[in-house]
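Given next are the chains, with one letter for each unit.
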Amino acid sequence: MIKPYYLLDTNVISEIFRPKPNPGVFQKLQDYEKLCSLSSTTWNELLFGVQIMDEGKKKDYIYSKLINDIQSNYEIIHYDNHAALIHADIRARLKNMGNQIDFQDTQIASIAVSNCMVLVTRNIKHFEPIQKVSPLVLENWF
């Protein structure tokens, strides 16, 4: 089995559920499906997002797609001891520089760094400060 190379941020997976998904993102997801994975943090954000939706067909549809398509097609990379060590280092360095970055974003970045993966996100600006204190590699498929 091929090891995942791309770690997909929440906004990349969310794009699939838009009425008119970005064709470039959709094509990349098809082309690189076997090389893509999600962090456990992203998986949590996706599940939380659907849990807080109003009851109805849309919520049922998205939940079903998450479980039947996303979870079965993408490996979920867990936040482990190595990622925690990198995460603490990133947060400390950012704090010393006067930057406060969202906890989940630094956690996702640490999972990417600890697994030598490219983080794919639309929110490049959220992660650029992390690149100043770590070897985080980013791509924007939008």
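Sequence order sets the numbering: in each chain, residues are counted from 1 along the sequence as written. With the structure being a predicted model, the display of local features is reserved for residues of pLDDT at least 70 and the display and counting of side-chain atom pairs for 80 or more, all residues being used for whole-chain, interface and lining totals. Based on all heavy atoms of the structure, the side-chain values leave hydrogens and waters out of the count.

### Let's talk about helix H6 (residues 103-114)
Thought 1: Think of it this way: any DSSP run of H or I at least four residues long counts as a helix, any run of E at least two long counts as a strand, and we number them from the N terminus. Multiplying 1.5 Å by the helix residue count minus one yields the expected span of that helix. Given a rise of 1.5 Å per residue, 12 residues ought to cover 16 Å, and the 16 Å separating the end C-alpha atoms of H6 matches this to within 8%.
Thought 2: The element H6 is largely enclosed, with a buried count of 10 among its 12 residues.
Thought 3: Each residue gets one of three labels from its accessible area relative to the maximum for its type: buried under 20%, exposed over 50%, partly exposed in between, using a 1.4 Å probe on protein chains only. Three or more residues of H6 are buried, namely Asp105, Thr106, Gln107, Ile108, Ala109, Ser110, Ile111, Ala112, Val113 and Ser114.
Thought 4: N-cap assignment for H6: the residue whose side-chain oxygen lies 3.2 Å from the backbone N of Gln104 is Asp102.
Thought 5: A positive backbone phi angle near 55° is found at Cys116, which sits one or two residues after H6. Counting of polar contacts relies on pairs of N or O atoms within 3.5 Å, with two restrictions inside protein: one atom must be capable of donating a hydrogen and the other of accepting it, and residues adjacent in sequence are counted only when both atoms are side-chain atoms.

### Remarks on helix H4 (residues 57-73)
Think of an α-helix as turning once every 3.6 residues; residues three or four places apart then point the same way.
Thought 1: Spanning 17 residues, H4 covers 23 Å between terminal C-alpha atoms, matching the ideal 24 Å at 1.5 Å per step.
Thought 2: Think of it this way: the bend at a residue is just the angle between two axes, each fitted to seven residues, one set ending at that residue and the other starting at it. If you look at H4, its biggest bend is around 35°, right at Leu66.
Thought 3: Along H4, the residues classified as buried are Lys59, Ile62, Leu66 and Ile70.
Thought 4: As for H4, its buried residues are in contact with helix H1 (10-16), strand S2 (36-39) and helix H3 (40-51). The contact rule is simple, with two residues in contact once any of their heavy atoms fall within 4.5 Å.

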